[in-house]
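# Reading the structure
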Amino acid sequence: MDTLSNVRRSVLAGAPIAAALLILTTAPTAATAQAAGPSPVAGPASAPVTHPDDDHLGSTIRAHEPSTSSPQAVTPNTAVPAAAGQPLGMDVSNYQGTVGWASAVANGAQFVYIKATEGTGFLDGQFGNNYTGSYDAGLIRGAYHFALPDRSSGAVQANYFVDHGGGWSADGRTLPPMLDIEYNPYGPTCYGMSGPQMSSWIRDFSNTVQARTGRYPTTYSTANWWNTCTGSNATFGGTNPLFIACYCNSPGSMPAGWEFHTIWQYNDHGIFPGDQDIFNGSIDQLRTFAGVSQTTIPCTAVVGAIGVKYAALGGCNSFLGKPISTELPAQG
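Computed from a predicted structure; not experimentally measured.

### Some details on the pairing of strand S8 (residues 242-245)
Every regular strand shows the same layout, with side chains that alternate between the two sheet faces. In S8, alternate side chains face the same way, and those of Leu242 and Ile244 on one face and Phe243 and Ala245 on the other are all buried. As judged from the three bridges shared by strand S7 (residues 218-221) and S8, these two strands associate in the parallel manner. Each bridged residue has a counterpart across the sheet, and for serine 221 the counterpart in S8 is isoleucine 244. For the crossover from S7 across helix H7 (residues 223-229) to S8, the handedness is right-handed. Sheet analysis places S8 next to strand S9 (residues 263-267), joined by three bridges and oriented parallel. Bridge pairing in S9 links alanine 245 to glutamine 265.

Following this line, the structure appears as structure tokens:
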């Protein structure tokens with residue numbers, strides 16, 4: 001992985017593998033977007049959308065990945081092995097019904113992703129209650145979109161998502177918008193699309209969200225689905241934080257293009273309502289990932305080896321944008 005990738009990935013994910021990281025703004029200019037053109041739609045929808053309330057983050061995984069099919073892959077109510085201080089969280093939707101936010105916080109939850117939309121015709125019935133309730137309880141929260149790539153283009157679904165809850169603000173309490181891209185609950189695993197078609201659809205969605213919100217969306221998937229359905233496309237790891245699903249005792253292999261994950265969904269049941277998640281960093285890095293509002297500092301404050309690379313790439317005038325802090329120690 002080259003130095004540029006290291007810097008950008010550290011910014012996006014608060015990567016604990018680095019010795020130090022430089023926190024930069026996360027709204028690259030259009031110059032860095034990997035243009036793929038309008039994404040194709042792979043023909044008619046495979047089947048009517050009959051159970052959108054059942055479609056949630058990871059709802060298709062146990063049926064398609066036998067290695068994670070056992071409900072005891074990790075012990076419920078027990079945190080998975082993790083570095084000290086890694087924040088625990090969850091993801092919820094209408095599928096979980098009414099969530100007891102105070103209880104979740106009392107049990108240690110610090111963040112949550114909440115389903116907002118699916119395709120272009122479904123708004124999650126609990127989204128408003130969940131989004132407000134989680135915020136009032138003190139959680140860092142964000143919204144996600146359940147993708148149906150065979151129904152409409154990536155841009156159309158991205159706009160629908162952003163228009164119905166998938167926005168972002170730099171308040172330190174709002175996680176980047178997220179794309180849930182997983183096994184098709186209504187037909188063929190890859191929605192009848194080829195690897196290039198699927199990659200183009202995801203790029204279309206991603207670029208539209210970035211243009212609308214200033215953040216590239218977090219991407220939720222599994223290594224198996226991603227490598228199978230995108231043809232192991234490796235071009236998203238430098239822009240899109242990874243939310244990996246693996247109901248096991250370690251995150252496992254990363255999808256093509258990513259060398260580490262930002263969030264890991266390690267079980268679909270446990271001490272919190274919904275699925276059980278863990279952030280790959282410290283609580284301070286989680287807040288930074290959410291986008292703490294900070295006054296930018298002079299570009300000349302970026303020094304050392306990172307400063308040399310920053311300047312070589314154009315400094316404040318580059319796609320990296322202005323820094324919002326000096327170097328910070330990274331856990332580990």
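### Thoughts on the nonpolar core
Judged by nonpolar contacts, the single largest core of 46 residues is most densely connected at Met90, Ile181, Trp201, Ile202 and Trp225. Here the element with the most residues in this core is helix H6 (residues 195-213); it accounts for five residues. Formed by 17 residues, the second largest nonpolar core is a distinct cluster that contains Phe111, Ile140, Ala245 and Leu286.

### Things to note about helix H5 (residues 154-163)
Among the ten residues that make up H5, seven are buried, leaving the element largely enclosed by the rest of the structure. Among the residues of H5, Gly154, Ala155, Gln157, Ala158, Tyr160, Phe161 and Val162 are the ones counted as buried. Buried residues in H5 make contact with strand S3 (109-118), strand S4 (122-123), strand S5 (140-146), strand S6 (178-180) and H6. Positive backbone phi, at 115°, marks glycine 165, one or two positions downstream of H5.

### A word on the confidence of the model for the protein chain
Low-pLDDT stretches of the model should not have their predicted coordinates read in fine detail. Across the protein chain, pLDDT averages 79, with 74% of residues at or above 70. Here residues 1-45 is modelled with pLDDT under 50, and outside its nearest four sequence neighbours on either side it reaches 117 contacts, counting other chains as well. Segment residues 69-79: pLDDT under 50, and 19 contacts once partners within four positions in sequence are set aside and those in other chains are kept.

### Let's talk about the side chain of aspartate 180
For aspartate 180, the location among the structural elements is in strand S6. Among buried charged residues, aspartate 180 stands out as having no salt bridge; its nearest opposite-charge side chain is lysine 115, 7.0 Å away. Dropping the residues within four chain positions of it, aspartate 180 is found in contact with His56, Leu57, Gly58, Tyr144, His145, Phe146, Ala147 and Tyr220.

Here is what the cut-offs are and how they apply
Residues numbered from 1 in each chain as written. Predicted model: local features only at pLDDT ≥ 70, side-chain atom pairs only at ≥ 80, totals over all residues. Heavy atoms only, no water. Buried < 20%, exposed > 50% of the residue type's maximum accessible area, 1.4 Å probe, protein only. Helix = DSSP H or I, 4+ residues; strand = E, 2+ residues; numbered from the N terminus. Pairing = 2+ DSSP bridges. Right-handed = clockwise from strand over helix to strand, strands pointing away. Core = buried A, V, L, I, M, F, W, Y, C linked by side-chain atoms within 4.5 Å. Contact = heavy atoms within 4.5 Å. pLDDT = per-residue confidence, 0-100. Lys, Arg positive; Asp, Glu negative; His and termini not counted. Salt bridge = Lys/Arg side-chain N within 4 Å of Asp/Glu carboxyl O.

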